[in-house]
Structures are given as C-alpha cells and as structure tokens.
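Here is how the chains run, residue by residue.
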Amino acid sequence: MKLPPLRALQCFESVARLGSFSKAANELNVTQSAVSHQVKLLEEYLGKAMFIRQGRSFSLSEIGKHYFDEVTQSLGNLSNVSQQIREDKSGKIRLALYSSLAVKWLIPRLEDLRKQYPEIELTLNMVADEPECSDQVADCFITVSPPKHNFISQFLYTERLYPVCGQKLWQKIKNRPLPDALWQHPLLSVQYSSASESPDEDWLRWCQNGEFELPEHVRINHFSHVLLAAEATRYNQGIALMNNHLMTDQERQQDFVRIPMHELLTGDSFYFVYDKSRAKQTDIVTLGRWLKQQSFE
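Residues numbered from 1 in each chain as written. Predicted model: local features only at pLDDT ≥ 70, side-chain atom pairs only at ≥ 80, totals over all residues. Heavy atoms only, no water.

Participant: Just give me the short version of the pattern of salt bridges, but keep the residues and values in it.
Facilitator: Pairs can form between side chains of opposite charge once their charged atoms are near each other. Considering all chains together, one arrives at 13 salt bridges under this definition. One salt bridge connects E62 with K65, and the closest N-O pair in it is separated by 3.4 Å. Of the two residues, E62 and K65 are both situated in helix 4 (residues 62-87); the distance of three residues between them amounts to about one turn of the helix. Its relative accessible area of 62% is what places E62 among the exposed residues. Here K65 falls in the partly exposed class, since its relative accessible area comes to 42%. As a salt-bridge pair, D139 and R94 come within 2.8 Å of each other at their nearest N and O atoms. Linking D139 in the loop between strand 4 (121-127) and strand 5 (140-143) with R94 in strand 3 (residues 92-98), this pair joins segments that are 45 residues apart in sequence. Accessibility expressed as a relative area gives 2% for D139, which makes it buried. (Salt bridge = Lys/Arg side-chain N within 4 Å of Asp/Glu carboxyl O. Helix = DSSP H or I, 4+ residues; strand = E, 2+ residues; numbered from the N terminus. Buried < 20%, exposed > 50% of the residue type's maximum accessible area, 1.4 Å probe, protein only.)

Participant: Any chance you could break down the packing of aromatic side chains for me, citing the residues and the numbers?
Facilitator: Using the criterion set out here, one finds twelve aromatic pairs in the structure. Aromatic side chains F12 and F51 sit 5.7 Å apart centroid to centroid with 55° between the ring planes, which places their arrangement in the tilted category. Of the two residues, F12 sits in helix 1 (residues 6-18) while F51 sits in strand 1 (residues 51-54), which places them 39 residues apart along the sequence. The buried category is assigned to F12, whose relative accessible area is 0%. Between W203 and W206 the ring centres are 5.3 Å apart and the planes differ by 80°, which places this aromatic pair in the edge-to-face class. Highlighted residues: W203 and W206, both in helix 8 (residues 201-209), separated by three residues, approximately one helical turn. Through successive ring pairs, a cluster of aromatic residues spans F12, F21, F51, F58 and Y67. (Phe/Tyr/Trp six-rings, centres within 6.5 Å; stacked < 30°, edge-to-face > 60°.)

Participant: How would you summarise the side chain of S269 if you had to cite specific residues and measurements?
Facilitator: Checked against the element boundaries, S269 lands in strand 11 (residues 264-275). A residue is classified by how much of its surface remains accessible, and S269, at 15% relative accessible area, is buried. Here T158 takes part through its side chain, which lies 3.2 Å from a polar atom of the side chain of S269. Beyond its immediate sequence surroundings of up to four residues, S269 is in contact with T143, V144, F155, Y157 and T158. (Polar contact = N/O pair within 3.5 Å; in protein donor to acceptor, adjacent residues only side chain to side chain. Contact = heavy atoms within 4.5 Å.)

Participant: Describe the nonpolar core, with residues and values.
Facilitator: Among the nonpolar cores identified, the biggest contains 37 residues, and L101, L106, I142, F272, L287 and L291 are the most heavily contacted of them. Excluding residues that lie within four positions of it along the chain, L101 makes contacts with L106, I142, Y157, H245, L246 and F270. Counting residues in each nonpolar core, the second largest holds 21 residues, with L182, V218, I239 and M261 among its members. (Core = buried A, V, L, I, M, F, W, Y, C linked by side-chain atoms within 4.5 Å.)

Keep in mind these numbers describe shape, not what the thing actually does.
In structure tokens:
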C-alpha cells in the first residue's frame, strides 16, 4: 500500500501543532510556500481537507483533528525508535520542567536517582513557562497543564502555599499575635500568571482563605519569579508564600521558618507527562515512579 510522503506528514504535523504555516516553515527550515505545497499534496492524496480555511485564518477540520492525533503518535514512534537505534542504548532522557522546581526540588535529589538507577542519564531542560510537550523539546515533562490527547499523565502533587520567613525575622514575630505581626513587615508577592487579576493575588487569596482582609497599609514587594522571592525571604527581607517543594531539606532546617498559619491551595497540580508512544520505555516509566516517590517527601 502506498503511503503519504513523509515530508508532507511532517509539514502537516508542524502546521497543525503550531497553528501557523510561517512558524512551521521556520521550524522545518523551509519556505512557507514549500510547507503549503506539501500540505496541499497531502490533502490531494487523501482526498479530504485537513484545514477549514477562512480568509487568512484556518483551523483543523474534524477529520484533520483525528489525522493530526494519529500522525503525531506515529511520528513520535519513529523518532523514538530512530533515537534508540542511533544511540545504541537506552537510558538517555530529556526532562523539561519549571526552573524553580528543577533548582530547588529535583537537583538536590539527583544523587539518589543516580544511586538507585545508574543506567538513567538525565538531561534537564529548564523552562520559565508551560513547556511545549513535543519531542523537539524533551522526552518527558513536568507540567501543570498536561495535554489531553496522546499523552500519559501521572499525578505528582497538588500545590500548597504557606507563609515563610527567615530565621532573624521569625525572632521578631514569634511571640506576637498572628496575623497582625505579619503586617509589620514587607510581604513578598509573586505573580504566578499573567492572567492574574491583581499583582497581589497570592496574598489576597491567602487572606480570603483565612477569613480576614489584607490591610491597605501593608508594604508589598513584587517579584517576577518565585526563586527571587525565596532568596529575599532567606535574607530576612520579608514574608513570602512558599511551596514546600520549592525548598530544600537544608533550607527548611536552617534558613526558613514556616509560620504556623493556614495553607492556600492554588488549584494547580503537577504531572509527569510523556507521549503514549513511549509507554514501553522502561527508563521513562522508572523515572516517573521515582519522581512520584520524591513528591511525597
């Protein structure tokens, strides 16, 4: 049976995934007209329209969506097999995850992974935002937004934030009534999402959970990344809402003090994610099992 040209499938997959012919052309290092030509050849071969075109905009047709799912999985299988044959060994894994999670949670635990599973060679790809779940980025991912189709998602943990301060600052507030003692010091706020309604959303939500209001006179310092807020907290520059998984064991014992007040469930859960085509790769399955064990520590 004659199969569609592989180049046409690659062009179709790239356009459907990126939602753009020009972006697909840049990714494949060809001209936009070449991409359009290959997609047209594929549609002519199949006798079906993969895209619904409306002027300059377009979207996948129903059959295009189904075909995209199948093509993505098939190309993933080919990529995996080719990589294994080329490297002549298993165990090399690329993991994409948030920079804060990598620095504070995973890297301090990697020695344990190497001792238990020396055959796994792990490469980390740190990302600031949601990683694109693509073979071009990594083999597996830790994300709060797992893809809905053609991926296996393994729950790791639910994010909880609680107030934390440095050791010196704790000496100033430990014998004073809470939460009033907090308001006498700067609050360190992190804007976790560009869609946040307020730059102080983390503290506003925490106060709402405790059924009290955030006083208007409180000084709030804003940080673009949780790692920056963590360092400021370490040096007693204020009080931050921190995730337990973003502090090392040593930091919890020596640098930070958890203020004995309520937690805030952010609504985010973290997942270990990989393509279904990799379900039989024992090294990735082993890594997922190990990550799950670590997430409860």
